[in-house]
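# Coordinate inspection notes
Now for the letters of each chain:
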Number of protein chains: 2
Amino acid sequence: MKKAAAPQPYHHGDLRAALLEAGEAELAERGIEAFSLRGVARRAGVSHAAPAHHFGDAGGLLTALATEAFRRFVQRQQRRQSKAPPDPLSQLVAAGQGYIDFALEHPALFRLMFSSGRPSFDAPELVEAANAAFDKLEHDVKALRPDMTIADVQIVWSLTHGLADLLNGGRMKSLADQRPAQREATVAALLRTALGQIATR
Amino acid sequence: MKKAAAPQPYHHGDLRAALLEAGEAELAERGIEAFSLRGVARRAGVSHAAPAHHFGDAGGLLTALATEAFRRFVQRQQRRQSKAPPDPLSQLVAAGQGYIDFALEHPALFRLMFSSGRPSFDAPELVEAANAAFDKLEHDVKALRPDMTIADVQIVWSLTHGLADLLNGGRMKSLADQRPAQREATVAALLRTALGQIATR
DNA sequence: CGCCGATCTTGTCGCTGTCAAGTTCATTTT
DNA sequence: AAAATGAACTTGACAGCGACAAGATCGGCG
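Because the structure is a prediction, the values reported are computed rather than measured. (Residues numbered from 1 in each chain as written. Chains lettered and ligands numbered in written order. Predicted model: local features only at pLDDT ≥ 70, side-chain atom pairs only at ≥ 80, totals over all residues. Heavy atoms only, no water.)

Here the focus is the overall build of chain A. If you tally the helices and strands in chain A, you get 10 helices and 0 strands. Ordering the α and β elements of chain A from the N terminus gives α-α-α-α-α-α-α-α-α-α. Intrachain contacts of chain A at a sequence separation of at least 6 include 64% that bridge at least 24 residues. By element, 54% of the accessible surface of chain A is carried by carbon and sulfur atoms, the whole surface being about 9700 Å². (Helix = DSSP H or I, 4+ residues; strand = E, 2+ residues; numbered from the N terminus. Contact = heavy atoms within 4.5 Å. Areas by Shrake-Rupley, 256 points an atom, 1.4 Å probe, with all protein chains shown as cover.)

What follows deals with the environment of Ala69(A). Residue and element names in this part refer to chain A. By the element assignment, Ala 69 lies in helix α4 (residues 58-82). Sequence spacing of Ala 69 and Leu 112 is 43 residues, and the spatial spacing of their C-alpha atoms is 8.9 Å. Residues in contact with Ala 69, not counting those within four places in the same chain, are Phe 102, Leu 109 and Met 113.

Given a rise of 1.5 Å per residue, 18 residues ought to cover 26 Å, and the 25 Å separating the end C-alpha atoms of helix α5 (residues 88-105) of chain B matches this to within 8%. Across the 18 residues that make up α5(B), a large majority, 15, are buried. (Expected span 1.5 Å × (residues − 1). Buried < 20%, exposed > 50% of the residue type's maximum accessible area, 1.4 Å probe, protein only.)

The subject of this paragraph is the interface of chain B and chain A. If you look at the interface, chain B gives 36 residues, while chain A gives 36 residues. Surface buried jointly by chain B and chain A totals about 3100 Å² across both partners, of which 58% is contributed by carbon and sulfur atoms. Applying the counting rule to chain B against chain A returns 0 salt bridges. For the pair chain B and chain A, the interface holds 15 residue pairs in polar contact (both at pLDDT 80 or more). Per-element accounting of the side of chain B that touches chain A gives the leading share, 12 residues, to helix α8 (residues 150-168) of chain B. (Buried area = accessible area lost by both parts, 1.4 Å probe. Salt bridge = Lys/Arg side-chain N within 4 Å of Asp/Glu carboxyl O. Polar contact = N/O pair within 3.5 Å; in protein donor to acceptor, adjacent residues only side chain to side chain.)

Before going further, it helps to spend a moment on the pattern of salt bridges. Tallying each qualifying case throughout the model produces 24 salt bridges over all chains. Where Arg30(A) meets Glu26(A), a salt bridge forms, and the shortest distance between an N and an O atom there is 3.1 Å. A residue pair is termed a helical-turn pair when its members lie 3 or 4 positions apart in one helix, as Arg30(A) and Glu26(A) do in helix α1 (residues 15-30) at 4 residues. With a relative accessible area of 2%, Glu26(A) lands in the buried category. A salt bridge links Glu68(B) to Arg72(B), with the shortest nitrogen-to-oxygen separation between them at 3.7 Å. A residue pair is termed a helical-turn pair when its members lie 3 or 4 positions apart in one helix, as Glu68(B) and Arg72(B) do in helix α4 (residues 58-82) at 4 residues.

Residues and elements named next belong to chain B. Contact geometry for α4 and helix α7 (residues 124-142): axes closest at 8 Å, N-to-C directions at 20°. Here α7 runs roughly parallel to α4, going by the angle between their axes. Between α4 and α7 the crossing geometry is left-handed. Listed contacts from α7 to Thr 63, Ala 66, Thr 67, Phe 70, Arg 71, Phe 73, Val 74, Gln 77, Gln 78 and Gln 81 of α4 are Glu 125, Leu 126, Ala 129, Ala 130, Ala 133, Lys 136 and Asp 140. In the contact of α4 with α7, the residues fall into 8 nonpolar, 5 polar and 4 charged. (Axes fitted to C-alpha atoms, helices over the stretch in contact; angles between N-to-C directions. Parallel < 35°, antiparallel > 145°, perpendicular 65-115°, else oblique. Left-handed = near helix turned anticlockwise from the far one by under 90°. Nonpolar A, V, L, I, M, F, W, Y, C, P; charged D, E, K, R; others polar.)

Residues and elements named next belong to chain B. Considering all chains together, one arrives at 18 aromatic pairs over all chains under this definition. Taking 6.0 Å as the distance between ring centres and 25° as the angle between the ring planes, the aromatic pair formed by Tyr 99 and Phe 114 counts as stacked. Of the two residues, Tyr 99 is situated in helix α5 and Phe 114 in helix α6 (residues 107-114); the sequence distance between them amounts to 15 residues. An identical accessibility class is assigned to Tyr 99 and Phe 114; each is buried. (Phe/Tyr/Trp six-rings, centres within 6.5 Å; stacked < 30°, edge-to-face > 60°.)

The following block contains the structure:
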């Protein structure tokens with residue numbers, strides 16, 4: 001994990017990446033609401049003002065984390081899809097499962113991406129990463145049938161996102177309390193039922 | 001709004017209610033991530049430590065605010081329903097519209113309710129208020145058809161909540177950018193389409 | 001070699017939440 | 001009526017926070 005060789009070089013070498021890693025750990029352990037820039041610096045073993053040089057302020061670091069998160073978010077969906085049957089409905093269901101996987105595996109990152117005002121959506125890189133996620137969703141929905149509309153995309157997105165967000169917040173008690181294996185099965189069935197209705201409308 | 005008579009009585013009289021009001025204003029203006037207990041005290045015109053006596057700590061105040069918010073959340077849905085046709089589908093669509101109305105009218109409260117770890121869901125009053133909201137949803141869904149399952153409730157909830165959350169976060173660009181009147185019409189159409197499919201499945 | 005700019009540290013500011021101790025005041029007790 | 005009680009609120013302190021300014025270090029280029 002850490003270069004044991006060089007003791008404490010003044011210049012870190014790749015502090016930016018180290019701060020991103022530390023930032024994600026901080027986020028995962030303390031949650032977005034207790035996130036502290038100084039805590040990130042401590043984790044990375046640098047002074048409290050070091051992050052400023054690479055990210056400007058706390059928002060900058062969170063923006064970078066959100067950007068990276070959106071990319072991995074898409075990858076998580078693709079990973080699910082690679083193990084699923086190739087028919088469009090199965091692929092869409094798998095994408096939804098990946099969407100929810102990511103939310104439950106990285107609850108704080110998910111909140112950062114969708115329910116926080118701290119990342120700056122003025123940053124072009126973040127917008128691009130978020131748009132890529134949306135484009136993928138749109139593509140997967142339109143693969144169902146050629147005449148799928150923007151409204152259909154919105155419905156599918158809302159359904160998937162709502163499920164992910166409610167599970168992530170622990171608000172949907174009946175599902176959140178299930179053991180992971182069973183919950184996953186229930187979620188899959190839920191998605192297949194709902195998305196199936198939309199597909200064959 | 002304020003008793004003009006007594007100048008600055010040592011005992012406020014109803015500081016608890018005043019703090020709740022100030023807390024909501026603070027939340028609305030600065031958002032949950034910049035929420036400050038001292039800011040609330042300033043708004044209410046009391047010392048920075050006054051809130052502790054009534055709410056313990058910041059989490060206590062936010063818990064109380066979330067509890068109140070869940071009650072008004074249900075009322076907002078009922079208000080929509082009272083103006084809608086009495087058939088079950090129209091009523092369910094109206095409830096969904098009220099759900100989204102509340103989210104857009106009180107974005108910070110909505111986040112506090114669904115996407116924050118700060119309110120303590122150990123507090124029985126909060127759990128009760130949140131459960132009441134869920135019970136209402138369940139009732140409205142089951143009014144559609146007698147054989148509606150818990151899975152159907154989960155689907156309806158996810159769809160509605162996802163739409164509300166994505167709009168609230170400004171993430172669903174295509175909808176969030178519309179002018180309020182048009183957006184409302186689009187949302188209504190969306191809900192009617194999606195919920196109609198579920199109802200007549 | 002010498003300089004220069006990027007990288008990182010140190011120090012400081014006002015702000016925050018929480019705790020402890022003091023002050024005020026309404027009510028009850030005697 | 002006077003005193004005691006305890007709730008409501010204030011004052012003061014502490015550590016931790018984000019941001020800024022100024023200084024220290026160091027790789028690379030002239």
